[in-house]
Structures are given as C-alpha cells and as structure tokens.
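A structural walkthrough
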Amino acid sequence: MSIIVDSRNLDFILFEMLNLTDILNSEQFAHCDRAVVTQILDSAQRLAEDLYLPSAARLDASPPEFVNGGVEIMPEVQTALAAYAEAGLSAQAFDHALGGLQLPFSVSMAANGMFTAANLGISNYSMLTTAGAHLLAAFGTEEQKARYAVPLIEGRWSGTMCLSEPQAGSSLSDITTRAEPAGDGTYRISGTKMWISGAAHHMTENIVNLVLAKIPGGPAGVKGISLFIVPQRLVAEDGTVGEENNITLVGLNHKMGQRGTTNCLLNFGETGPTVGYLIGEPHRGLHYMFHMMNEARISVGHGATMSGLAGYLYSRNYARERLQGRRIGQKDPQSPQVPLVEHADIRRMLLAQKAQVEGALALCSYCGLLVDQQALADGNERDDLTLLLEVLTPIAKSWPSEHCLEANKLAIQILGGAGYTLDHPVERFYRDNRLNHIHEGAYGIQGIDLLGRKVRMAGGRGRDLLVARITETIEQASVVPALADFARQLTTALEAFQRATDASLACDNQERALANATLYLDATGTVVVGWLWLWQALVAARALETGDAAPSAFYEMKITTCRYFFRYVLPLVHTGFALVEELDDVCLSWTPEQLEFV
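All values derive from a computational prediction rather than experimental measurement.

**Details of the overall build of the protein chain**
- Secondary structure summary: the protein chain contains 21 helices and twelve strands in total.
- In terms of overall size, the protein chain behaves like a compact globule, its C-alpha atoms giving a radius of gyration of 24 Å where 598 residues would be expected to give roughly 25 Å.
- Principal-axis analysis of the C-alpha atoms gives the protein chain an extent of 80 × 65 × 55 Å.
- Relative to its 598 residues, the protein chain shows a buried fraction of 57%.
- Of the contacts made within the protein chain by residues no fewer than 6 positions apart, 74% connect residues no fewer than 24 positions apart.
- By element, 52% of the accessible surface of the protein chain is carried by carbon and sulfur atoms, the whole surface being about 24600 Å².
- Computing the positive centroid from 45 side-chain charges and the negative centroid from 66, the protein chain places the two 5 Å apart.

Printed below as a string of structure tokens:
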C-alpha cells in the first residue's frame, strides 16, 4: 500500500465532503472534470513514487554541501524537479494566459501533497517557486510577468523569498538590507539575508529571489519595507539569462530535517552591484510579500499534514504485518503471536494519528476550496471569502504543525525501537515535520496574528463567518441521532471560543490580552478541526443511511474517528480557552531575575 497518499480518503474529502464538482462546473474550470482530476492525481502519485520517494533517505543522509563557494547537490534532485516541470505540474494552478493549466488550487494542493510526502527535501523547491510566481502574477507589471513569472511557471527557473536577516529573525521591522535607486529605474541591493530556503543552487537556469529591503528615506519600521525582484543571474530584454548578479553564498545552514533543501546565508552587493527591480509601489513590500507568505503558510501546514500522513500510513502497514506478543489473557507461549494492530494501545495510537492527519487534511483542503471560491466570486462574496481565509490561515499553518508532529511521534512509538533507526522512515518524517513549527512564522507568531489581528479585522466579520459555518453544520448534525451529542459538545466548545475572544478583545492591556495567544490558537484550531470531523461524520452518516456507502467500513470508521476526536481531543480546549478568558497573567508576572536565581 502507498505511504504517500490515501486515495480513497482524498476522494472523499474533495468530492463527497467539499463537493469539488461545483468548482469544476464553473466556466473558469470547465476544462477540468472529475476524470481529469483523477488522471492528474494518479500521474502525480506515479511520478512521486518513481522519482521522489526512492532518493528521500539518501538525500537526508547526503544533503547539499558548500564547496568552493557553491552548492553540490545529489543529481537525483535536479532529475526529479525537471520531470515535475516536464509533466506540466509547475503550471498547475496558473491561468491559461500565463501558460498555466488553470487547475483549481485545491487540486494542485492535493497533487503536490504527494511529492511532499514522498520527499519533502525536493518538493520545497517547487513550493517556493510556485508561491513566488503567484506573487508576481498578482502584483508584477506585464513585463515582469513575462520576464520572470513565466519561466517560473514553466519550471525552467526556481524562486525564493528573502525576508529574515541574522539580527532581525521574525522582527521584519528591524531588517537593514538597503535598496539604493540607480537612476535608471533599477535599484542596487546591499545587505545580508539568513535562513533562505531553496537558494544558491544551479539546478535551474536562474533563481528569482524576492527580497525585502528598505529604500533610504522611507518610513521607519515595516511601513518602509519594499519588495524587489533580485535574479541570481541578470536577464536581458529578450529573456536571455546573462551574467551573475553578485549574490554571494556565504554558507549553508544544516537543519535537523528537510535536509535536502538548501538553506542559505546570502550577501547582496558584496562583490559588485546587485541589481534589483521594484515590485509595485515603494514601501508596500510587506503587503505584497504576505500574498506569498499566506500561500506558503497554507503550504507549510499541508506539508506538515503530509509528513504526518506518511508516518501514519507507514505505521499502519507495519502494525498489520508485524507479529508481536499475544492478547491480554493469552498465557500460552506456544500460541501464535498476533499482529501489533490487535493490541488496544496500538489501536489507540493509530486512531489518534488518523484523527490528527485526516482532520488536518480536511482543514487544508477546505482552505484550498476557499481559494478556488475566491477566484470565482466578486464583490461582497469575495470579500467575505477573503476574511474567512484570513482567519483560517494561521490555523491551517499551525494546527497541523503541532498535531501532525504528534502523529509522527506516535508512528515512531508503534514501531518501538525500530522506529528510531534509519531502517525505517518514520524518524525522518518526525525530523522533517519539526521544522514546520517555525517555517513561515513560528507558532507563537501565528497565535498573535490570529488573536491580535485576524479575529478583529473588519469588525470581526471573518470570525462571524466562521462561527456561522460551524453553526450550520451543528444544526444539521443535531437531528442525526448518532451525531447529536457531538453537535452539543461542539456548541459548548464554540461558546467557550466566543467568550475567550470577547474577553481578549475587551482588554485594554494588549500584552495581557495576548499573553495566552498560543493557547488560543491551538484551542481554536481544535474547534475548527472538530467542526470538520463533524462534517465528515455527517457525510458518512448520510451515505450509510442512503445505502451509497461503499465500502461501508470506510464510512463507519469516519464516524468512529469523529467519536474519538470528540471524546479524547475536543474536551481539552476548555482549559486553554479558560486561561484566555480569565486573562491569566502567570506568564507575565514573573521576572527574568527570578528565573536566574531560583
């Protein structure tokens, strides 16, 4: 059985739960029906299993190296990326006008997830490239789209985002990279960028670095940040790639996971002028960059989900095949051993993984659906979809990064001592996934973003839209006897969410109001995933009632997993929400001096 995709569950989420057919019936996506989607997903699975999966362990053991000022990478990485581009997958979610396949974002996400599960070290290059191309398509001039976005979409070039600096980290207001006007419409970029994933390699003809920098004389802080196209090699008017653009690779960072992706310290302007091209208006760079970052945040959450899924599928297969011990009460040593899956605690761990992973997949897929609905909507409807997605983005990034990491931990536990060895991939899945807690904004930053910004936007409109959608599912489930108790529990949890949110918003002391924002983020994410599990159980119950459930065990297990989530996971939200509602200040009340001298 595959360890990179559960095709039956993916089909359930896309077509039975989210009803993707409605999107496919639109004029925008009329060229793409369900048969085409199935063909794309099947092709992606074959390519991922043939070219990505076989090199995953070797790439982890032999990551890129810094040699003579450049990068050496296993040739299998370039081969896989070239095959991905040749198959047209780099163009999946882009409009026909830009040479794209114009597929729904939710379909593209599903296809790319298989490459992420197969080999995260390679798939990161494509994820960053796609996000950069989307930014250019949204904010670039027609010339910039033709010169820089199209080669990215074609997969001939790759892309990066260059935000962080050694002294600034996540505090972007403190960046010092400068962009001096050259007098000819271009800029000269100088400074240092740190933690730059996917940079400095030579696997593609060129790399489009999207760089945050400050134009002298601009406003202080984040209001003075502008965004620039800074190609690794200069590009002529006819699109010909020319000489190097004086971007110096100072060194590579070696991380505990996702080791196949270059992670770089870069200097701009050290060996000569580095030319940059302004995107949009001066001093609006962070606004533009958030377009790329928000897409990347959903992608990071989806990547965390797929690493969790890979561990779950592998440990599920192992538990079915591995003979170990006997059931409680079987004392005869001559009796045959039973598969691990026969043991109650192994079943608990498999069920926990299933609840975490399939709940996270529903969350990310729902966000993908909202992106597709945005593309088809206009006016107030589009504004509402945007606000709803704004609220869900920090959740989609963070909840899978936390809970699918826990799923990876359980996958290791199921394998026992073997789980810690390099003979099995589950320890690598855990190491890879641990980075997602920090990538594209650490967990704590996402909590402050959700409670400090997102639930307050437009007078709380995004929050109200989310509550309305959850309430609609609760009302539908409350009349189904098997689900009525779950509906009541979710109602109680939703009320706790509302009280905690109101208490924080009413507090004049912002530091105290946000002191427990991370707990709020996790609890809110759990409520949202609880909603999505209730939704899945509702679809399953209806299929069983109408006799359309085939096989019935699949749908029965959906309801069982929902039951697990509501018994074992959802009750935990009340502790977190209570601390937020009470404006608990224990984390603020002690001093650093006390910590030093305890």
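**Overview of helix α10 (residues 344–376)**
- For α10, built from 33 residues, the straight-helix expectation of 48 Å at 1.5 Å per residue is met to within 8% by its first-to-last C-alpha distance of 48 Å.
- Of all 33 residues in α10, 25 are buried, a share of seventy percent or more.

**Concerning the packing of helix α15 (residues 484–506) against helix α18 (residues 552–569)**
- The contact between α15 and α18 brings their axes to 11 Å, and the two run at 40°. As for the relative orientation of α15 and α18, their crossing is left-handed in sense. Residue-level inspection shows Phe 486, Gln 489 and Leu 490 of α15 in contact with α18, the latter providing Cys 562, Arg 563 and Phe 566.
- Its residues assigned to classes, the contact of α15 with α18 shows four nonpolar, one polar and one charged.

**Considering the pattern of salt bridges**
- Scanning the entire structure with this criterion turns up 26 salt bridges.
- The salt bridge involving Lys 354 is made with Glu 358; its shortest N-O contact spans 2.7 Å. In this pair, Lys 354 and Glu 358 both sit in helix α10, four residues apart, roughly one turn of the helix. Glu 358 carries the same exposure label as Lys 354, and that label is buried.
- Its salt-bridge partner being Arg 431, residue Glu 427 comes within 2.9 Å of it at the nearest N-O pair. Linking Glu 427 with Arg 431, this pair stays in helix α12 (residues 426–434), spanning four residues, or about one helical turn.
- Connected via shared salt-bridge partners are Arg 8, Asp 11, Glu 16 and Arg 34.

**A closer look at unusual backbone geometry**
- Of note in the backbone geometry, Gln 258 takes a positive phi value of approximately 50° without being a glycine.
- In this structure, Gln 258 sits in the loop between β10 (247–252) and β11 (263–268).
- For Gln 258, a relative accessible area of 5% gives the class buried.

**Observations regarding empty space enclosed by the protein**
- Under the defined criterion, the tally for this structure stands at five cavities of 30 Å³ or more.
- What the largest cavity holds in volume is close to 140 Å³.
- Forming the walls of the largest cavity are 15 residues, and the residues nearest its centre are Leu 81, Ser 126, Thr 129, Gly 155 and Trp 157.
- If you list the elements that add at least two residues to the lining of the largest cavity, you get α5 (75–86) and α7 (120–139).
- Among the elements that line the lining of the largest cavity, the one with the most residues is α7, at four residues.

**Thoughts on the domain arrangement of the protein chain**
- Split by domain assignment, the protein chain resolves into domain 1 (7–154), domain 2 (158–283) and domain 3 (443–588).
- The interface is formed by seven residues belonging to domain 1 together with nine residues belonging to domain 3.
- With both sides pooled, the region where domain 1 packs onto domain 3 buries about 730 Å², and carbon together with sulfur makes up 69% of that total.
- When the buried surface of domain 1 facing domain 3 is broken down by residue, Arg 8, Phe 12 and Met 17 rank first, second and third, together holding 73% of it.
- At the junction of domain 1 with domain 3, the criterion picks out zero salt bridges.

**A few points about the UniProt feature "domain: Acetyl-CoA dehydrogenase-like C-terminal" (unreviewed entry) in the protein chain**
- Per the UniProt record, the feature "domain: Acetyl-CoA dehydrogenase-like C-terminal" (unreviewed entry) sits at residues 466–588.
- Counted over residues 466–588, helix gives 80% and strand 0%. Its end C-alpha atoms are 31 Å apart.

**A short note on the packing of aromatic side chains**
- Tallied over the full model, the rule gives 19 aromatic pairs.
- Considering the side-chain rings of Tyr 366 and Trp 531, the 5.3 Å spacing of their centres and the 85° angle between planes classify their relative orientation as edge-to-face. In this pair, Tyr 366 is assigned in helix α10 and Trp 531 in helix α17 (residues 517–546), connecting sequence segments 165 residues apart.
- A relative accessible area of 3% places Tyr 366 in the buried class.
- Taken together, Trp 399, Phe 486, Phe 565 and Phe 566 form an aromatic cluster joined through their ring pairs.
- Over the face of the ring belonging to Phe 15 we find Arg 34, whose NZ or CZ atom lies 4.1 Å from the ring centre.

Definitions and limits used
Residues numbered from 1 in each chain as written. Predicted model: local features only at pLDDT ≥ 70, side-chain atom pairs only at ≥ 80, totals over all residues. Heavy atoms only, no water. Helix = DSSP H or I, 4+ residues; strand = E, 2+ residues; numbered from the N terminus. Rg over C-alpha atoms; globule rule 2.2 N^0.38 Å. Buried < 20%, exposed > 50% of the residue type's maximum accessible area, 1.4 Å probe, protein only. Contact = heavy atoms within 4.5 Å. Areas by Shrake-Rupley, 256 points an atom, 1.4 Å probe, with all protein chains shown as cover. Lys, Arg positive; Asp, Glu negative; His and termini not counted. Charge placed at Lys NZ, Arg CZ, Asp CG, Glu CD. Expected span 1.5 Å × (residues − 1). Axes fitted to C-alpha atoms, helices over the stretch in contact; angles between N-to-C directions. Left-handed = near helix turned anticlockwise from the far one by under 90°. Nonpolar A, V, L, I, M, F, W, Y, C, P; charged D, E, K, R; others polar. Salt bridge = Lys/Arg side-chain N within 4 Å of Asp/Glu carboxyl O. 1 Å grid on protein atoms, 1.4 Å probe; cavity = no way out; pocket = protein on both sides within 12 Å on 5 of 7 lines; lining within 4 Å. Points joined across faces, edges and corners; volume = space filled by probe spheres on them. Domains from an automatic or database assignment. Buried area = accessible area lost by both parts, 1.4 Å probe. UniProt positions renumbered as here; feature names shortened; annotations may be inferred. Phe/Tyr/Trp six-rings, centres within 6.5 Å; stacked < 30°, edge-to-face > 60°. Lys NZ or Arg CZ within 6 Å of the ring centre and 35° of its normal.

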